[in-house]
Amino acid sequence: MNAILRLDDVHTDIGQYHVLHGISLDVPEGGVHVLLGRNGAGKTTTLRTIMGLWRARRGAIVFRHHDITQMRTPDVARFGIAYVPENMGIFGGLTVEENMRLATATGVFDQARLQRVLALFPAMEKFWTKQAFALSGGQKQMLAISRAIIERRDLILIDEPTKGLAPAIIRAMIDAFREIARETTILLVEQNFLFARSLGSSVAVIDDGRIIHRGGMAELAADEALQTRLLSLSLAAHQ
Ligand SMILES: Nc1ncnc2c1ncn2[C@@H]1O[C@H](COP(=O)(O)OP(=O)(O)O)[C@@H](O)[C@H]1O
Ligand SMILES: [Mg+2]
């Protein structure tokens, strides 16, 4: 397997708490790969550790054969990894246009690319000159994702994009993710198994800072007993 990102025995402490207890994970190149786990399992901490927002105390993070374990966040981003955090990281007081311009390296849009992003998320064009706080929850999420793809990135880390969104918006998001995954690898963190399984080709399940399962999404989707054992009640509630 050709992994674009590899985590090998990554341990992360937050203050005095040992949160990640040796995460080992391969993200294959291309498509959507899912990190599933209940609330508090360590999903966000894993993404933040990849981005250098938390420092791994032990273990290695390798992106395209480069060791990025100790790299600073701006360098990780420049290396080609985009991050859409749980709180989306958009600027409410700035317009959609300004939010997107700030996500470019030079402040200048690649027009062909911009047109593709606007075709993917038409609401962004409609609200181009409006302040971001005026957008709905789903539109804010679409803006956050637009910012992540406005310049070509090899890998996009997305933290629970469906949280709090209506089913119709989630369906639109599935289509958008499929389109984005044609040119980029997506590592998607989710608790929503229905959303995750409609997109993901591989899946890892995290619990208590450890990976407790790795495999194909199709196998997990077909095996209800395995789902129940791995995902227990917190995720079964989504089905
Ligand atoms: N800033 C923090 N300070 C202290 N503990 C934290 C902090 N962030 C996360 N944790 C703890 O680390 C564990 C994993 O959290 P997190 O990675 O946010 O889980 P998830 O994203 O899977 O819900 C939880 O027990 C959480 O309470
Ligand atoms: Mg989280």
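Everything below is about the structure shown above.
Explain the packing of aromatic side chains to me, please; I cannot follow it from the model alone.
Aromatic rings in a pair are described by how distant their centres are and how their planes are angled relative to each other. Inspection of the entire model under this criterion finds three aromatic pairs. Ring centres of F109 and W128 lie 5.8 Å apart, and the angle between their planes is 45 degrees; this geometry places the pair in the tilted category. In this pair, F109 is assigned in the loop between α3 (96–102) and α4 (111–120) and W128 in the loop between α5 (122–126) and α6 (137–149), connecting sequence segments 19 residues apart. By relative accessible area, which is 9% here, F109 ends up buried. Ring geometry for F177 and F195: centres 5.8 Å apart, planes at 70 degrees, overall edge-to-face.

Got a minute to help me understand the site of ligand 1 in this structure?
Within the structure, ligand 1 sits among I14, V19, R38, N39, G40, A41, G42, K43, T44 and T45. Measuring from an oxygen atom of ligand 1, one finds a backbone N or O atom of G40 at 2.7 Å. Between ligand 1 and T45 there is a distance of 2.6 Å, counted from an oxygen atom to a side-chain nitrogen or oxygen. If ligand 1 stood free it would expose 560 Å²; the protein chains cover 60% of that surface. Looking at the shell around ligand 1, the element that brings in the most residues is helix α1 (residues 43–50), giving three residues. Of the residues in the shell around ligand 1, the class split is three nonpolar, five polar and two charged.

Would you mind going over the sheet that holds strand β1 (residues 3–14) with me for this structure?
Strand pairing in a sheet takes place through backbone hydrogen bonds and is either antiparallel or parallel in direction. On the basis of which strands lie adjacent, the open sheet formed by four strands has the order β2-β1-β4-β5 and antiparallel pairing. At either end of the open sheet lies a strand with only one pairing partner, and these are β2 (17–28) and β5 (66–67). The sheet contact formed by β1 and β2 spans nine bridges and is antiparallel. Paired with D13 across the bridge in β2 is H18. The strands touched by α1 within the sheet are β1, β2 and β4 (56–63), with β1 carrying the most contacts at an inclination of about 110 degrees.

Would you mind going over the pattern of salt bridges with me for this structure?
Side-chain pairs of opposite charge can arise whenever the charged atoms involved come near each other. Under the defined criterion, the tally for this structure stands at 15 salt bridges. Here D9 ties to R58 by a salt bridge, and the two come within 3.0 Å at their closest N and O atoms. Of this pair, D9 sits in strand β1 while R58 sits in strand β4, and the two are 49 residues apart along the sequence. Classification of D9 by relative accessible area gives partly exposed; the value is 27%. Residue R58 is classed as partly exposed on the basis of its relative accessible area of 45%. A salt bridge links E183 to R113; the shortest N-O distance between them is 2.7 Å. On the criterion of sequence distance, the pair formed by E183 in the loop between α7 (167–180) and β8 (185–190) and R113 in helix α4 is long-range, its members being 70 residues apart.

How each quantity is defined
- Residues numbered from 1 in each chain as written.
- Chains lettered and ligands numbered in written order.
- Predicted model: local features only at pLDDT ≥ 70, side-chain atom pairs only at ≥ 80, totals over all residues.
- Heavy atoms only, no water.
- Phe/Tyr/Trp six-rings, centres within 6.5 Å; stacked < 30°, edge-to-face > 60°.
- Helix = DSSP H or I, 4+ residues; strand = E, 2+ residues; numbered from the N terminus.
- Buried < 20%, exposed > 50% of the residue type's maximum accessible area, 1.4 Å probe, protein only.
- Near = heavy atom within 4 Å.
- Polar contact = N/O pair within 3.5 Å; in protein donor to acceptor, adjacent residues only side chain to side chain.
- Areas by Shrake-Rupley, 256 points an atom, 1.4 Å probe, with all protein chains shown as cover.
- Nonpolar A, V, L, I, M, F, W, Y, C, P; charged D, E, K, R; others polar.
- Pairing = 2+ DSSP bridges.
- Contact = heavy atoms within 4.5 Å.
- Axes fitted to C-alpha atoms, helices over the stretch in contact; angles between N-to-C directions.
- Salt bridge = Lys/Arg side-chain N within 4 Å of Asp/Glu carboxyl O.

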